[in-house]
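The residues making up each chain are set out below.
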Amino acid sequence: MAGGSSFPAVIESELPVGSVVTASGRVSNVHRVGDPYDDLPFSVDELVALDDAMTDATRSTKVRFNAYIGDLGEDTAAGADALFPKTPEADRSVLIAVSPNQRAIEIRSGRKVADRVTDRVVQLGVTAAVSSFGEADLIDGLVSAIRVMSAAIAVR
């Protein structure tokens, strides 16, 4: 903060029941089972579009596509490297990891698909995503990256 002044962006006493500010400054809260959840970061249509793109890409390429949106840590490459082995079917998959606050995108591919998911294919995916990310449209960027990458590696 400028001048050494600081003030909380969130006032803990004003948070709803079941919410807390974590040591990192993030707000964490509970969601009661059965209650509607109206504060999703993406619309249902956006999530369906992302799911459809990943499903179509996986079917056409026989490569599993996974997406992650969230903090990857100070070293985004190391964060993606740590996350990738935990993704479903990591050996035959692609992970597109986006850390919005750091303005970073990291793409990893498994051993069994490395000959098809080349550096060129990964660069195509990054290029396809960046313009949408610049307009703060994360889902459209992910969908674009998935479609371009899958077109480049599709089983013919």
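What you see is a predicted model; the values in this text were computed from it and never measured.

J.: Outline helix α2 (residues 76-83), supporting the account with residue identities and numerical values.
T.: Listed in full, the buried residues belonging to α2 are T76, G79 and A80. Buried positions in α2, seen along its axis, are confined to an arc of 95° and lie on one side of it. Looking at where α2 begins, the residue whose side-chain oxygen comes 3.2 Å from the main-chain nitrogen of A77 is D75.

J.: An account of the nonpolar core is requested, with residue identities and associated values reported.
T.: Judged by nonpolar contacts, the single largest core of 26 residues is most densely connected at F65 and I96. Put simply, the parts of the chain that give this core at least two residues each are α1 (44-61), β4 (93-99), β5 (104-109), α3 (119-134) and α4 (138-153). For this core, the element with the most residues is α4, which contributes eight residues. Excluding its chain neighbours within four sequence positions, the residues that come into contact with I96 are N66, A67, Y68, I105, E106, I107, L142, A145, I146 and M149. The next biggest cluster of nonpolar side chains, apart from the first, holds five residues, and it includes L72, F84, A90 and L95.

J.: I'd like a description of the pairing of β5, backed by residues and values.
T.: Counted residue by residue, β5 has five buried out of six residues, so it is predominantly covered. In this structure, β4 lies alongside β5, joined through six bridges in antiparallel fashion. Of the residues in β5, the one forming a bridge with L95 is R108.

J.: Tell me about the pattern of salt bridges, and please be specific about residues and values.
T.: Scanning the model with the defined rule gives five salt bridges in all. For the salt bridge of R64 with E89, the shortest nitrogen-to-oxygen distance reads 3.0 Å. Taken together, the residues span a long stretch of sequence, with R64 in strand β3 (residues 64-69) and E89 in the loop between α2 and β4 at a distance of 25 residues. Classification of R64 by relative accessible area gives partly exposed; the value is 27%. Taking relative accessible area as the criterion, E89 reaches 38% and is therefore assigned partly exposed.

J.: How would you sum up the sheet that holds β5? Please name residues and give values.
T.: The strand order across the open sheet built from three strands is β3-β4-β5, with neighbouring strands paired in mixed fashion. With one partner strand each, in any of the chains shown, β3 and β5 form the two edges of the open sheet. In this sheet, neighbouring strand axes are inclined to one another by 15° on average, regardless of whether the strands run parallel or antiparallel. Relative to the sheet, α2 contacts β3, β4 and β5, its axis offset from that of β5 by approximately 35°.

J.: Would you mind going over the pairing of β4 in detail, with residue names and values included?
T.: When you tally the buried positions in β4, you get seven out of seven residues, the bulk of the element. Judged by which residues are buried, β4 turns out to be covered on both faces: S93, L95, A97 and S99 on one side and V94, I96 and V98 on the other are all buried. Where β3 and β4 come together, six bridges link them in parallel fashion. Its bridge partner lying in β4, A67 is registered against I96. Joining the antiparallel neighbours β4 and β5 is a turn of four residues, in which R103 adopts a positive phi near 55°.

Calculation criteria
The residue numbers shown here count from 1 along each chain, following its written sequence. It should be noted that, the model being predicted, local features are given only for residues of pLDDT at least 70 and side-chain atom pairs only at 80 or more, the latter also being counted only at that level, while totals for whole chains, interfaces and linings use all residues. Neither water nor hydrogens contribute to the side-chain values; these are computed over all heavy atoms in the structure. A 1.4 Å probe rolled over the protein chains alone gives each residue an accessible area, and that area as a share of the maximum for its type sets the label: buried under 20%, exposed over 50%, partly exposed in between. The secondary structure listing takes helices from DSSP runs of H or I that are at least 4 residues long and strands from runs of E that are at least 2 residues long, numbered from the N terminus. Starting at the helix axis, one direction is taken to each C-beta atom, and the arc is that of these directions. Whenever two N or O atoms come within 3.5 Å, that pair is a polar contact, provided that in protein one can donate a hydrogen and the other can accept it, and provided that, for residues adjacent in sequence, both atoms are side-chain atoms. Throughout this description, the term nonpolar core refers to a set of buried Ala, Val, Leu, Ile, Met, Phe, Trp, Tyr and Cys residues connected via side-chain atoms within 4.5 Å. Every residue pair with non-hydrogen atoms within 4.5 Å of one another is taken to be in contact. Strand pairing follows a simple DSSP-based rule, namely that at least 2 bridges must link the two strands. Salt bridge, as used here: a side-chain nitrogen of Lys or Arg that lies within 4 Å of a carboxyl oxygen of Asp or Glu. Convention adopted: a line fitted to C-alpha atoms gives each axis, helices being fitted over their contacting stretch, and angles between N-to-C directions are expressed from 0 to 180 degrees.

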